[in-house]
Amino acid sequence: MNRHEVYMKRAIELAKGGWGKTNPNPLVGAVIVKDGEIIAEGFHKELGGDHAEAAALINSRQSVEGGTLYVNLEPCSHHGRTPPCAVKIIESKIKRVVVAMEDPNPLVAGSGIRMLREAGIEVVMGVLEKEAGVLNEIFIKYISHKMPFVIMKAAMTLDGKIASVTGDSKWISGESSRQQVHIIRDRVSAVMVGVNTVLTDNPELTTRLGSGEGRDPVRIVVDSRGIIPADSKAVTIQSPACAVLATTSLIEKDKEKLFKSKGVKVLKLDGPNSGGHVDLKLLMQELYKLEIDSVLLEGGGNLNAAALKAGIVDKVMFFISPRIIGGQEAKTPVEGDGIRLMSNAVNLRDINIRRFGRDILVEGYVRGEACLQEL
């Protein structure tokens, strides 16, 4: 690992300090090096706060003139919630800027780099670019496609069941796995379940990390007919985050009015070919308008199948517990009609496998294949 990579790795680690606090902004860290030593560090701590580059400049222990700035995302060149970082860098008389990746935001998209170079600053591009892309995969999808990044999460037994024949599912996964799910909830903007999950488990869908830590995501319930009880925890739990009911015109007017009176945001999403079900693509478009950049899908098998069929799933995270429960009628992570031929199976790319206690987490990215329509 060369010196550029060493300092960029540090910038990426710093950026992670903003997880769950900067949405829908990206995760950015910055390191300033002079005479072979780090003289300042900074990261984007929260939405509306100083950007990483500005924070590093403020935190500097000495003059940064002639130094090198390392940042995992191209410095911005436009006025957004904060002034442009490229201008501040130029004014600081930094000599060189090393950037991991270009900003996919059309408002930037290379203009920050051009601004720096036109000011006579040397710019080095592409250092740990892949790692930077993975770090900001949510932001890249959100800003490039105007849709939230969707993570499908499931916990299942070794024989592929998410509940026993009686519906019992507490607990399939171990404590370490469940803790990791709460960490993910803290990082995403929203968590989404289907009506059957609410009726069966009545989940709170909050983040519980202990000692009052963790940020609750927006709670989204997909319920085409609006039949969930009005006192369901998902819509009544006291939380700074709001609840969203994704439904259709089939919901009764009195029920819609009742949910709204409880502060629930009701979205009626009838698609031209949705057949009385919530149009999930349309739902994603509406969530984008609400600045929800990421969704953790914790639905049952039917919602998971519908999400795959709609092509909205970007990443899959399956926690596999070393237990066997059997049962022909026991539910599985993906239901629906199923794919008929193995040659048309949903394939994942960039597979990663991790251990959480006794459980194994298999995660990967969904390929955008036409065969998803078979589900």
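Residues numbered from 1 in each chain as written. Predicted model: local features only at pLDDT ≥ 70, side-chain atom pairs only at ≥ 80, totals over all residues. Heavy atoms only, no water.

**Thoughts on the nonpolar core**
Residues M8, I32 and V97 are the most contacted members of the largest nonpolar core, which totals 40 residues. The biggest single contributor to this core is helix α1 (residues 3-15), with six residues. When sequence neighbours within four positions are dropped, the list of residues in contact with M8 reads Y70, V71, N72, V98, V99, A100, V127 and L128. With 32 residues, the next largest nonpolar core counts M152, M156, V218 and I312 among its residues. (Core = buried A, V, L, I, M, F, W, Y, C linked by side-chain atoms within 4.5 Å. Buried < 20%, exposed > 50% of the residue type's maximum accessible area, 1.4 Å probe, protein only. Helix = DSSP H or I, 4+ residues; strand = E, 2+ residues; numbered from the N terminus. Contact = heavy atoms within 4.5 Å.)

**Things to note about the UniProt feature "active site" (unreviewed entry) in the chain**
UniProt's entry tags E53 with the feature "active site" (unreviewed entry), counted in the numbering of this structure. With respect to the helices and strands, E53 occurs in helix α2 (residues 52-59). Relative accessible area serves as the criterion here: at 4%, E53 is assigned to the buried category. Beyond its immediate stretch of four places on either side in the chain, E53 contacts A30, L69, V71, L73, E74, P75, C76, C85 and I89. (UniProt positions renumbered as here; feature names shortened; annotations may be inferred.)

**Topic: the packing of aromatic side chains**
Inspection of the entire model under this criterion finds three aromatic pairs. Taking NZ or CZ as reference, K170 lies 5.4 Å from the ring centre of W171, over its face. A cation over a ring is seen here: R187 above W19, with NZ or CZ 3.5 Å from the ring centre. (Phe/Tyr/Trp six-rings, centres within 6.5 Å; stacked < 30°, edge-to-face > 60°. Lys NZ or Arg CZ within 6 Å of the ring centre and 35° of its normal.)

**Re the sheet that holds strand β11 (residues 294-297)**
Hydrogen bonds between backbone atoms are what pair the strands of a sheet, whose relative direction is either parallel or antiparallel. Taken together, nine strands build an open sheet; the order of strands is β10-β9-β8-β7-β11-β6-β12-β14-β13 and the sheet is mixed. Either end of the sheet is taken by a strand with one partner, and the two such strands are β10 (265-268) and β13 (348-356). On average, each strand axis in the sheet is inclined to that of its neighbour by 20°, with strand direction left out of account. Sheet strands touched by helix α6 (residues 137-145): β6 (149-157), β11, β12 (315-321) and β14 (359-366). Its angle to β6, the strand with the most contacts, is close to 130°. (Pairing = 2+ DSSP bridges. Axes fitted to C-alpha atoms, helices over the stretch in contact; angles between N-to-C directions.)

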